[in-house]
Structures are given as structure tokens and as C-alpha cells.
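Summary of structural features
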Amino acid sequence: MTDRLLIVDFGSQVTQLIARRVREAGVYCEIHPFQSVDPARLKEFAPRGIILSGGPASVTEGAAPAAHPAIFTAGVPVLGICYGEQTMAQQLGGTVESGHHREFGRAEVEVKASSALFDGVWAPGDRKQVWMSHGDRVTKLPAGFEVIAASPNAPFAAIADEKRRYYGLQFHPEVMHTPDGAKLLRNFALGIVGARGDWTMAAFRERALADIRRQVGRGKVICGLSGGVDSSVVAVLLHEAIGDQLQCVFVDHGLLRKDEAEQVVRLFRDHYNIPLIHADASEQFLKALAGVTDPEQKRKTIGALFIDVFDAEAKKIGGAEFLAQGTLYPDVIESVSFTGGPSVTIKSHHNVGGLPARMKMKLVEPLRELFKDEVRALGRELGLPPDLVNRHPFPGPGLAIRIPGDITREKLDLLREVDAVYLDEIRKSGLYDEIWQAFAVLLPVRTVGVMGDGRTYDQACALRAVTSTDGMTADYFPFDHAFLGRVANRIINEVRGINRVTYDITSKPPGTIEWE
């Protein structure tokens, strides 16, 4: 059995980054809300080590969340990060106080002592950049602990009880603003915990195939295929596991990029020989979207009709017991809020969420343990083409949310041509893999232009390209002006109906990546 780490979540915005760093070290880990971690969960999960995340609460408040005492009697190494350090220190007999100088952003720590946590990374006397985000701080250490690093405003920036293998960091090693943070987490996972670091995509693939065969048996599985990375990896993995027991359904809503529907059919039906139904429902979707301009209403209209079409195709097939979905680990984490309360909905997400209950089918979700970058790694392990595995994210509602205002076939065709030219130039410039997501938006305005000796009154478009690690935050991609001039020239000359091109330089936040 693969060695596992448990991450106890106290509500930090960057808890997922802890898991990503640990998995990058080849160690499997899971995030569980703090209130769900009790003796029974610890016995069932059997972690080799435990990490306590940061969080927004203050341990000085009466109802502050705390780690279950069983964590400290489990006999495994524990690392507390920010709030995790504070609750560990207080629960083990130390003192935490508020009202001291707060630290938010970059800070410098001085290494005070050697530690297993710092092996091969930091030495006594070193001064290192870290990322702080705290108002409270530890002011008295529990028995057995010593200071191993300090900053001017956090005298206990890093603490250790080497005998019991308990460690605390006031700063966040999981974020990129702590340059050596990933190495410290690796030291904890591999050196202190002693995990083997043998969690690979090859190992995951073998286990996933066995799990699928065990769950499905001789049953039939339906998989909704969009042509994106997640559903494509699910389809190929399932086909390897159960062969012709799989039936894929590609609901073509007519809102895809240029030639995308044909590419999906050609790849899966012709190349992989995966049973595939191509349900061309573009006319139905266009009719349902006629006159709809509100972005949320667009998403809901598309989502509801998608379920109707998929359900109708499934009934034609008949006899399927299972529905396969490309649910990823961030979806699983976000569905289990650490407080149990609702989070703010920025915009609804299009998936096949309403299908399992309506169709009375059991779910098969082979990717629910994986982050997006791990899904891409699995795709490479399965031999999927690089241009598919590395494809930029594409929203379920497709081009409908890249056309502010009402949707028409003419607008869709126009946007497809603009988007194709833009992505072609990005690929020719060798920039595609440096960009998280790039796309064009058809603006709901007409502008005056001059082409040849004539006046034009045509559409304007916006180009968008962002860099990101997880889609939660993003910066605009800094194209040079020569590139922007070249792509604008091609679009205006090659796409009849466009006479003005703009570039969106908004970051997320305050904007979102998509326009709607």
C-alpha cells in the first residue's frame, strides 16, 4: 500500500497547494476538514504523517477550531503551518497571543538551529525569504520545542520538537513566494515521515484500472465526452479497463471551436475505436439560447438542455448502470466546506451534475483523487496526443460565454474564425504551453473602420491570454507588441466582419478569466 499523508484543513485559501507540493514529492495525500478528523478517521486512513493547514480563525477566540487530540497521540510526525503551528503550540501547552505586529507578504527569517526539516536546504546563520500571513503569533513554546528560525516580527517563525517529530512554521512553505518551501515540505514527507515517494502516474493508472473493474464488474458505463482533457482521459482509462462495456456520448451543442467536433469524433471513434454517439444538438441549443443575454441564464439554459439531450441518448442505448464523470480533486474538496457552510458563487459551473440522480445511475469518477496537472500526467501515461493533453481549459458552455449579448449562428461562426487565427499565431510563436488559457471574445459593439478606399462598420473583438497555476488567480500574458500587431493584422485581413482588435490586460482578481 502507498504511504499516505493527511492534511487537516483549517480553512486556508492555499491548503490545496500543500497537497500539490506533497504529491510533487511522490507522496499521496488527502485533505480532510478538521472536524472530520477523529480517532476513527485516523485509524481508517492510517497516515504516515500529518500536516495542519493555515486558516482564517484566531486560536485566541473561544470557538476557534482545534486539532483533535488523537492527532498528537497517533505516534506520527506532525507539521503545523501558520494557524496549524499556533493551534499545535497552544494545544501542547504553549501560548499564542494577538495584538502583536502583523505580517502579511514577504519576510526574511534567520535560521537559528539545525533541524531535520532544514536538511540540505537551510543552515544556521542563513537568511531566507518566506511568505507570512498572520495576525497572531506564538509567544511561549510548549515543553520539548526549540526555535529553529525567527523573523523580526515572529520570534518563533519555525519551531521543532525533534524527539517527537513535531514541527511548526509561522510562514507558508506551500506558496511560490517562499522559494525553498517545496524543499522543506519534501524534507518533511520523505525525510522525517519516511514516506517512500513511490506515488507515480504509472502506479495510479494500475490501481485505477483495478478499481474500475472491481466497481463496474460486467456492467455497462456511459461517459459524457466533451473533447476536453478531463473527459478524454476518463474515456481512454475506462476503455482500457472495460473495453466495449463503455459507451461514450458526445453532446455537440454547436458552441465549440472551429473543427473541434470533427476532431473529437475522429480521435475517439476512429483512432481509439471507442464506441461513440455523436449527438448533434446544435439547432436545439441555438433555439433555446435565442434572446438569452444574461450570463447565468446562458449557463443554466445550456446545462439543463445538456442533461435533456444526454438523458435521451442514454435511454436509446438502454441498460447502463453507471455514469462516468471527470470529477477532479478540487471539485471534491470544494464540495466539503471546512466550515460546512456555503461559499460565494461567482458563477455556476457547467457539468453533468444533475444527471446521476435523474438517471438513477451509479457514478464512476476515476479522477476524483487528482489535480488538473496530474490528470495531464495521466493522459501522457495513457498515450494521449500532446495537443490534447496540453489543451487549454475550455468552459462547458463554450463560445456562448465568449459572446456577450445574444447568441446567433453568424456570431458563433465569426468568433470561431477569430479564435482559430489567434491560437494559430500563438502556436507558431511557440507560446501555447507558456499560457494557461487563451481565447477571443466577440464584443457586442460595432466600430467604424477604413479598408481600402471604403468605410466599414463591423464588429470588434477582444483577445485574452492569462498565466496561472490553478485558475484561482491569473495574470494577463505579456505579449510583445510585434505579436499583437501581427495577430490583429491577420484577424482583420482574414476574418470578414471584424475591423477592430483589442487585448484584455485584466488580472484575476479583480476580473475573472472568462468574460461571462
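Data block above holds the structure.
Residues numbered from 1 in each chain as written. Predicted model: local features only at pLDDT ≥ 70, side-chain atom pairs only at ≥ 80, totals over all residues. Heavy atoms only, no water.

**Focus on the overall build of the protein**
As a reminder of what qualifies: Helix and strand definitions follow DSSP, with helices as H or I runs of at least four residues and strands as E runs of at least two, each counted in order from the N terminus. Whether a residue is buried, partly exposed or exposed follows from its accessible area with a 1.4 Å probe, protein chains only, as a fraction of its type maximum: under 20%, in between, or over 50%, in that order. What makes two residues a contact is simply this: any of their non-hydrogen atoms within 4.5 Å.
When helices and strands are tallied, the protein shows 15 helices and 20 strands. Along the three orthogonal principal directions, the C-alpha set of the protein runs to about 80 × 60 × 40 Å. Out of the 516 residues in the protein, the part that is buried amounts to 55%. The contacts of the protein with a sequence gap of at least 6 include a subset with a gap of at least 24, amounting to 76%.

**As for the pairing of strand E11 (residues 166-169)**
Formally: Strands qualify as paired when DSSP identifies two bridges or more between them.
Of the two faces of E11, both are covered, the one formed by Tyr166 and Gly168 as well as the one formed by Tyr167 and Leu169. As paired strands, strand E4 (residues 78-81) and E11 are joined by four bridges and run parallel to one another. Bridge pairing links Gly80 to Gly168 in E11. As judged from the four bridges shared by strand E10 (residues 154-161) and E11, these two strands associate in the antiparallel manner. Its bridge partner being in E11, Ala160 is matched across the sheet by Tyr167.

**Quick notes on helix H8 (residues 282-289)**
Note on helix geometry: an α-helix contains 3.6 residues per turn, so any two residues three or four positions apart are oriented the same way. Our working definition: The arc refers to the directions leading from the helix axis to the C-beta atoms.
All of the buried residues along H8 are Ser282, Phe285, Leu286 and Leu289. Projected down its long axis, H8 carries its buried residues within an arc of 100 degrees, all on one side. Residues of H8 that are exposed and angled more than 90 degrees away from the buried face: Glu283 and Lys287. Buried-residue contacts for H8 involve strand E13 (246-252), strand E14 (276-280), helix H9 (295-317) and helix H14 (409-428).

**Re the side chain of Glu174**
To keep things clear, this is the line we draw: Charge counting treats Lys and Arg as positive and Asp and Glu as negative, with His and both chain ends excluded. Salt bridges are identified by distance alone: a Lys or Arg side-chain nitrogen within 4 Å of an Asp or Glu carboxyl oxygen.
Note on placement: Glu174 falls in the loop between E11 and helix H4 (181-192). For the buried Glu174, which has no salt bridge, the nearest side chain bearing the opposite charge is Arg21, at an N-O separation of 7.9 Å. The contact partners of Glu174, leaving out residues within four places of it in the chain, are Val14, Leu17, Ile18, Arg21, Ile81 and Leu185.

**Overview of the environment of Ile492**
Positionally, Ile492 belongs in helix H15 (residues 481-494). With relative accessibility at 24%, the residue Ile492 sits in the partly exposed group. Those residues in contact with Ile492, other than ones at most four positions away along the chain, are Met451, Ile498, Asn499, Arg500 and Val501.

**Describing the state of the cysteines**
Under the convention used in this document: Defined by distance alone, a disulfide is two cysteine sulfur atoms within 2.5 Å.
For the structure on display, the rule yields zero disulfides. For Cys29, which is in no disulfide, the shortest distance to another cysteine sulfur is to Cys82 and amounts to 19 Å. For Cys29, a relative accessible area of 0% corresponds to the buried category.

**Let's talk about the nonpolar core**
Side chains that are nonpolar tend, in soluble globular proteins, to be buried together. Using the following cut-off: What makes a nonpolar core is a set of buried Ala, Val, Leu, Ile, Met, Phe, Trp, Tyr and Cys residues whose side-chain atoms join them at distances within 4.5 Å.
Ranked by internal contacts, the top residues of the largest apolar core, which has 47 residues, are Tyr422, Ile426, Phe479 and Ile491. Where this core is concerned, the elements lending two or more residues are E13, H8, H9, H14, strand E17 (437-451), strand E18 (454-467), H15 and strand E20 (498-503). A per-element tally of this core places H14 first, with eight residues. Setting aside its immediate chain neighbours within four residues, Ile491 contacts Val418, Val421, Cys461, Leu463, Ile498 and Val501.

**Let's talk about the sheet that holds E14**
Cut-off, in case you're wondering: In this analysis, axes come from line fits to C-alpha atoms, helices being fitted only over the stretch in contact, and the angle between any two N-to-C directions falls in the range 0 to 180 degrees.
Spatially, the five strands line up as an open sheet ordered E14-E13-E12-E15-E16, and their pairing is parallel. A strand with exactly one partner marks an edge of an open sheet, and here the two such strands are E14 and strand E16 (362-364). Each adjacent strand pair in this sheet contributes to an overall mean axis angle of 25 degrees, direction not counted. Pairing of E13 with E14 involves five bridges; the strand directions are parallel. Counted as the bridge partner of Phe250 is His278 from E14. The strands touched by helix H5 (residues 201-216) within the sheet are strand E12 (221-224), strand E15 (322-324) and E16, with E16 carrying the most contacts at an inclination of about 165 degrees. The sheet contacts of helix H6 (residues 229-242) involve E12, E13, E15 and E16, and relative to E12 the element is tilted by about 160 degrees.

**Remarks on helix H12 (residues 372-381)**
Those residues of H12 that fall on the buried side of the exposure criterion are Glu374, Val375, Arg376, Leu378 and Gly379. Residues of H12 that are buried sit in contact with helix H1 (15-24), H5, H6 and helix H13 (386-389). One or two steps after H12, the chain reaches Gly383, where phi turns positive at roughly 85 degrees.

**Notes on the packing of H6 against H12**
Here is the rule we go by: Each angle gets one of four labels, with under 35 degrees taken as roughly parallel, over 145 as roughly antiparallel, 65 to 115 as roughly perpendicular, and the rest as oblique. Left-handed is the label given to a crossing in which the near helix is rotated counterclockwise from the far helix by less than a right angle, and right-handed is the label when the rotation is clockwise. Polar here means any residue other than Ala, Val, Leu, Ile, Met, Phe, Trp, Tyr, Cys and Pro, which are nonpolar, and Asp, Glu, Lys and Arg, which are charged; Gly is therefore polar.
Put simply, H6 and H12 touch, their axes get as near as 10 Å, and they point 45 degrees apart. The orientation of H6 relative to H12 falls into the category oblique. Handedness of the H6/H12 crossing: left-handed. Along its contact with H6, which presents Val229, Asp230, Val233 and Leu237, the element H12 presents Lys372, Val375, Arg376, Leu378 and Gly379. Grouping the constituent residues of the contact of H6 with H12 by class yields five nonpolar, one polar and three charged.

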